Amino acid sequence: MRVYADNAATTRMSETAIAAMLPYMDKIYGNPSSLHSFGQEAAEVLQQARETVAGLLGAESREIYFTSGGSEADNMAIISAARLGAKKGKKHIISSRIEHHAVLHTLDKLKKEGYEITLLEVGREGRVKAEDVAAAIRPDTALVTIMYANNEIGTIQPIKEIGAICKEKGVIFHTDAVQAVGHLDINVKEQNIDMLSLSAHKFHGPKGVGALYCRRGLILTNIIEGGGQERGKRGGTENIPAIVAAAAAMKEACENIEKHAIYVSALRDRLIKGLAHIPHAVVNGSGEKLPGIANFCFEGIEGESLLLLLNKDGIAASSGSACTSGSLDPSHVLLALGLPHEVAHGSLRISLCHYNTIEEVDHIIASVPKVVDYLRDISPVWEALMEGERPHVI
C-alpha cells in the first residue's frame, strides 16, 4: 500500500481544479493585457477568479493580488508594511518564533536594513498569546505578522483577537494563512486582517500560484517590476490556467470545510490514539489545531532514518516543513516549543486530507511502531537511555 500523508507540504490537485484549468491551456489562451478578443476573454476570467477568491475571504476583488505562491505573498506583504512604517518613523516589527521561513527570512533581511524585530515565544502549546502581542506593541511598531495556523504542528493562532488589538493600536496586521485557507473559515473584515497570504497547492489547487489580500488603502511595494499587471503592483503575464484552477479549488475547499474537517479530524484522532502506546513519545502542540496535522517526537531516534524506512513501507511523511527538508538542523518550531535538539531531531509530521482513508491510517499505525522499535534497537543513544546512563527527556 502506498500512502500519501504529507498534505501540509503539498496536495494533489482536485478533479474540479484540473477541469477548470484545462480550457485555458488550449482554447482560451490570450494574454489578459491584450485588447483583442482573445485577450479580453482571458481578462474576463481573471476578474471572475479574483472575485471568487475575494468573496471567499470576505474581501473586495480589488484587494486581491495574484502571486506565484505564499512565499511571494509573504515577502510582498511584510516588505510593503515595513516601507509604509519607515515613512512614519516606525521600524519595529512583531512576529513569532514559529513562523514559516518565508516570513522569518524576510524579517532577517529587514533587520539588516535597520528594522528591529521582536519574535514572541509560544510555549509548549505552540500558540502565541494575544496579550503578549498587545504588550509588545510600541509607538514605533509598523507591523504584526503572525501565521494563522502552523505548518508543522497545526496549532491555530488567536487571529481575531490579535487583529482587534492591532486595529485598536493602529498597527498593520498580516497573517500567513497558507495552511489555513480552504481548511478554516476566514473573514478578513470580521477578523481585522489587513494582509493575508495564501497558496493554492495547499488546498488541492496547482503549484506556483497564490494570492495576497491587501486591505484597500494600504500601498504595496513592488517586489517584481515589469508591466502593469495586478494594478501595477506585480509585473509578469498572469498565469491564467493556474489562477482559474486556484479559484475553483478554493471555492470547492471552502464549500466543504465543515464536512472535510469532521472526516479528517477523525482520521487524525484515530492516528494519534493508535500510536499512543509507543513509549517515550509525545504529540507536539496542544489546543485547537488544523484537522489534518499530527506531529510526533520519538526519543532516541533520528527523523531522517524514520522517514526513509517509512517510505520503504509505502508511507510518504515529513519531519517538518517541506521547504527545509534537506536541512540537518532540527525544526525551529519544535525548538521554540522548548524541546531539546536530540528530541526535536526525532520528529514525524503526518498530514492528512479528505482523500486519505481509514485503511491508510491503519497502515501508518501498524508501520510506525515497527520502524521506531527497529531504529531504537540499533541506536546507541537509546541504549544509553535504557541503561540509565542518561535521563529520558520524554
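Residues numbered from 1 in each chain as written. Predicted model: local features only at pLDDT ≥ 70, side-chain atom pairs only at ≥ 80, totals over all residues. Heavy atoms only, no water.

A. Summary view of helix 14 (residues 358-377). In this model helix 14 runs 29 Å from its N-terminal to its C-terminal C-alpha over 20 residues, within 8% of the 28 Å that 1.5 Å per residue would give. For helix 14, the set of buried residues is E360, V361, H363, I364, I365, S367, V368, P369, V371, V372, L375 and R376. (Helix = DSSP H or I, 4+ residues; strand = E, 2+ residues; numbered from the N terminus. Expected span 1.5 Å × (residues − 1). Buried < 20%, exposed > 50% of the residue type's maximum accessible area, 1.4 Å probe, protein only.)

B. Region of interest: the sheet that holds strand 7 (residues 195-199). Read from one edge to the other, the open sheet built from seven strands follows the order 2-8-7-6-5-3-4, with strand pairing classed as mixed. Of all strands in the sheet, those with a lone pairing partner are strand 2 (64-67) and strand 4 (116-120), marking the two edges. The sheet shows a mean angle of 20 degrees between the axes of neighbouring strands, direction not considered. Across three bridges, the pairing between strand 6 (residues 172-176) and strand 7 is parallel. Paired with D176 across the strands is S197, a residue of strand 7. Contacting strand 2, strand 3 (92-96), strand 5 (141-145), strand 6, strand 7 and strand 8 (210-214), helix 4 (residues 70-87) crosses the sheet at an angle of about 165 degrees to strand 7. Against the sheet, helix 7 (residues 159-169) makes contact with strand 5 and strand 6, and its axis sits at roughly 160 degrees relative to strand 6, the strand it touches most. (Pairing = 2+ DSSP bridges. Axes fitted to C-alpha atoms, helices over the stretch in contact; angles between N-to-C directions. Contact = heavy atoms within 4.5 Å.)

C. Geometry of the pairing of strand 3. Counting buried positions over the five residues of strand 3 gives five, a clear majority of the element. Burial of the side chains of strand 3 extends over both faces: H92, I94 and S96 are buried on one face and I93 and S95 on the other.

D. The arrangement of the pairing of strand 8 in detail. With respect to burial, strand 8 is a largely interior element, five of its five residues being buried. Every second residue of strand 8 is oriented toward a common face, with G210, L212 and C214 on one face and A211 and Y213 on the other, all of them buried. Two elements, strand 2 and strand 8, share four bridges in a ladder whose sense is antiparallel. Residue T67 lies in a different strand from strand 8, and its bridge partner there is G210. Where strand 7 and strand 8 come together, five bridges link them in antiparallel fashion. From the neighbouring strand, M195 faces strand 8, where its bridge partner is C214.

E. Molecular detail of the state of the cysteines. Per the stated rule, a full pass over the model turns up zero disulfides. Here C353 is not disulfide-linked; the sulfur of C254 is the nearest cysteine sulfur, at 15 Å. You can call C353 buried: its relative accessible area is 7%. (Disulfide = S-S within 2.5 Å.)

F. Looking closely at the packing of aromatic side chains. With the rule as written, the count across this model stands at two aromatic pairs. Geometrically, the ring pair formed by Y29 and F38 is tilted, given 6.0 Å between the ring centres and 35 degrees between the ring planes. In this structure F38 comes out as partly exposed when scored by relative accessible area, which is 43%. Here the basic side chain of R231 rests over the ring of Y65, its NZ or CZ set 4.2 Å away from the ring centre. Sitting above the plane of the W382 ring, R376 keeps its charged end 4.0 Å from the centroid. (Phe/Tyr/Trp six-rings, centres within 6.5 Å; stacked < 30°, edge-to-face > 60°. Lys NZ or Arg CZ within 6 Å of the ring centre and 35° of its normal.)

G. Representation of the layout of surface pockets. Taken as a whole, the second largest pocket encloses approximately 370 Å³ of empty space. Residue lining of the second largest pocket: 21 residues in total, with V171, I172, D194, R215 and L218 positioned closest to the centre. Counting residues per element, the ones that place at least two in the lining of the second largest pocket are helix 4, strand 5 and helix 7. Partitioning the lining of the second largest pocket into residue classes produces 10 nonpolar, five polar and six charged. (1 Å grid on protein atoms, 1.4 Å probe; cavity = no way out; pocket = protein on both sides within 12 Å on 5 of 7 lines; lining within 4 Å. Points joined across faces, edges and corners; volume = space filled by probe spheres on them. Nonpolar A, V, L, I, M, F, W, Y, C, P; charged D, E, K, R; others polar.)

H. Spotlight on the pattern of salt bridges. Per the stated rule, a full pass over the model turns up 16 salt bridges. The closest approach of N and O atoms between E113 and R83, which form a salt bridge, is 3.1 Å. Of this pair, E113 sits in the loop between helix 5 (101-112) and strand 4 while R83 is found in helix 4, placing the two residues 30 residues apart along the sequence. When its relative accessible area of 35% is taken as the criterion, E113 is described as partly exposed. One connected set of salt bridges, linked through shared partners, spans E60, R62 and R216. (Salt bridge = Lys/Arg side-chain N within 4 Å of Asp/Glu carboxyl O.)

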